[in-house]
Amino acid sequence: MAIAILIAALAGATLALFFQPRWWFPDAISAHAKDYDAQLLFTLWVVGSIFVLAQGLLVWVIFRYRDRGQAPSVNCGSTKLELLWTSVTAMVFLALAFAGQGIWAGVHLKNSDPSALRVEVMAKQFAWSYRYSGADGAFGRVDIRQIDDAGGNPFGIDSKDPKGDDDLTAPILRVPAGRPVELLLKSRDVIHNFFVRELRLKQDVVPGMTIPLHFTADKPGAYEVPCSELCGLGHHQMRSALVVMAPDAFEDWLLEARQKVVLP
Ligand SMILES: [Cu+2]
């Protein structure tokens, strides 16, 4: 009886948490983030309804066939029924997985929009840096021998390549609202992870690879970018911010920041 009360209390608390709006996910600030949320909510409703129905049926069976002094009867089960509910369950799970897979593929397998703003992201123990190209739209060559964090050149922009003269490096990722953005994720040392809760995006950043990641944020605001892969003793300090700005404000910022670019 005590276990039944405990299970009922746990189920009640879970339901209460599900229906209250306060402790749920943070805002979803992109179309696919909203798709992910809708898919998760749909999955919760489907499996939650099946759970409630199955538990209700169990309660009914316990009550209906309780001991009333009748003679015991033997039931050897039904293979047909077993096959039926196992295959129905498998189909429900596969259908839900396929629906979710579509959203995932749209984020990770589809190419980004050709008009996307391209920003290079460099992860290192224990900081994030972002690089914007200059007005020429091209990133300058990099040379690892020229990496100089103290001198403001965490990417190692090659001073001999004129294309890199106007490249802008920043510690905070600023993007315009409503415009597609393509990040090119790189790491200088170990595996890190780029994570923005509000974008529902989480991507490993692997040394030796350039991993593209695209999104279109539609809600101006400041959002945390914590490193989400344990990457060393200072991992807990490795955080930066994503600032989504109104398009005009972003253009103003970019113009002003480009004017301040100092050659490494
Ligand atoms: Cu890290």
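Above: the structure in question.
Predicted model, so just to flag it, every value in this text is computed and none were measured.

A. Representation of the sheet that holds strand β3 (residues 168-170) within the structure. Here 5 strands make up an open sheet; going across it, the order is β3-β2-β1-β5-β8 and the pairing mixed. Here the strands that pair on one side only, and so sit at the sheet edges, are β3 and β8 (211-215). The average undirected angle you get between the axes of adjacent strands in this sheet is 25°. Examined bridge by bridge, strand β2 (residues 127-132) and β3 share 3 bridges and lie antiparallel to one another. Residue pairing in the sheet places tyrosine 130 in a bridge with alanine 170 of β3.

B. Focus on the pairing of strand β7 (residues 201-205). With burial as the criterion, only one face of β7 is covered, namely that bearing Leu201, Gln203 and Val205; the residues Lys202 and Asp204 on the opposite face remain uncovered. With 5 bridges connecting them, strand β6 (residues 192-196) and β7 associate as antiparallel partners. Note on β7: the bridge partner recorded for phenylalanine 195 is lysine 202. Here β6 folds back onto β7, and the loop between the two strands holds 4 residues, one of which, arginine 200, carries a positive phi near 55°.

C. Region of the structure containing the packing of aromatic side chains. The full count for this structure, using the stated rule, is 6 aromatic pairs. Measuring from ring centre to ring centre gives 5.9 Å for phenylalanine 19 and tryptophan 45, while their planes differ by 65°; the resulting arrangement is edge-to-face. Placement of phenylalanine 19 in helix α1 (residues 2-19) and of tryptophan 45 in helix α2 (residues 31-64) is noted, with a sequence separation of 26 residues between them. A relative accessible area of 54% means that phenylalanine 19 is categorised as exposed. Centroid distance tryptophan 24 to phenylalanine 25: 4.9 Å. Interplanar angle 35°. Geometry classified as tilted.

D. Quick look at the coordination of the copper ion. His192 (ND1), Cys227 (SG), Cys231 (SG) and Met238 (SD) make up the full set of protein donors to the copper ion, lying at 2.1 to 2.6 Å. One can describe the site at the copper ion as tetrahedral: its 4 donor atoms subtend angles covering 87 to 123° at the metal. All donors to the copper ion come from one chain, and their sequence spacing reads H-x34-C-x3-C-x6-M. Here histidine 192 is found in strand β6, whereas its partner cysteine 227 is found in the loop between β9 (221-226) and β10 (239-245), with 35 residues between them in sequence. Residue histidine 192 shares its accessibility class with cysteine 227, and that shared class is buried.

E. Looking closely at the environment of glutamate 256. Inspection of the secondary structure assignment puts glutamate 256 in helix α4 (residues 247-259). For glutamate 256 and glycine 151, which are 105 residues apart along the polypeptide, the C-alpha to C-alpha distance reads 20 Å.

F. Molecular detail of the side chain of histidine 192. Taking the relative accessible area as the measure of exposure, histidine 192 reaches 0% and is therefore buried. At a separation of 2.7 Å, a polar atom in the side chain of histidine 192 contacts the side chain of aspartate 189. Setting aside residues no more than four positions away along its own chain, histidine 192 makes contact with Ala123, Lys124, Gln125, Trp128, Ser187, Gln203, Asp204, Val205, Cys227, Glu229, Cys231 and Met238.

Parameters and conventions
- Residues numbered from 1 in each chain as written.
- Predicted model: local features only at pLDDT ≥ 70, side-chain atom pairs only at ≥ 80, totals over all residues.
- Heavy atoms only, no water.
- Pairing = 2+ DSSP bridges.
- Helix = DSSP H or I, 4+ residues; strand = E, 2+ residues; numbered from the N terminus.
- Axes fitted to C-alpha atoms, helices over the stretch in contact; angles between N-to-C directions.
- Buried < 20%, exposed > 50% of the residue type's maximum accessible area, 1.4 Å probe, protein only.
- Phe/Tyr/Trp six-rings, centres within 6.5 Å; stacked < 30°, edge-to-face > 60°.
- Donors = N, O, S within 2.8 Å, 3.2 Å for Na, K, Ca; no water.
- Tetrahedral: all angles 85-135°; square planar, octahedral: opposite > 155°, others 65-115°.
- Polar contact = N/O pair within 3.5 Å; in protein donor to acceptor, adjacent residues only side chain to side chain.
- Contact = heavy atoms within 4.5 Å.

Keep in mind these values describe shape, not function.
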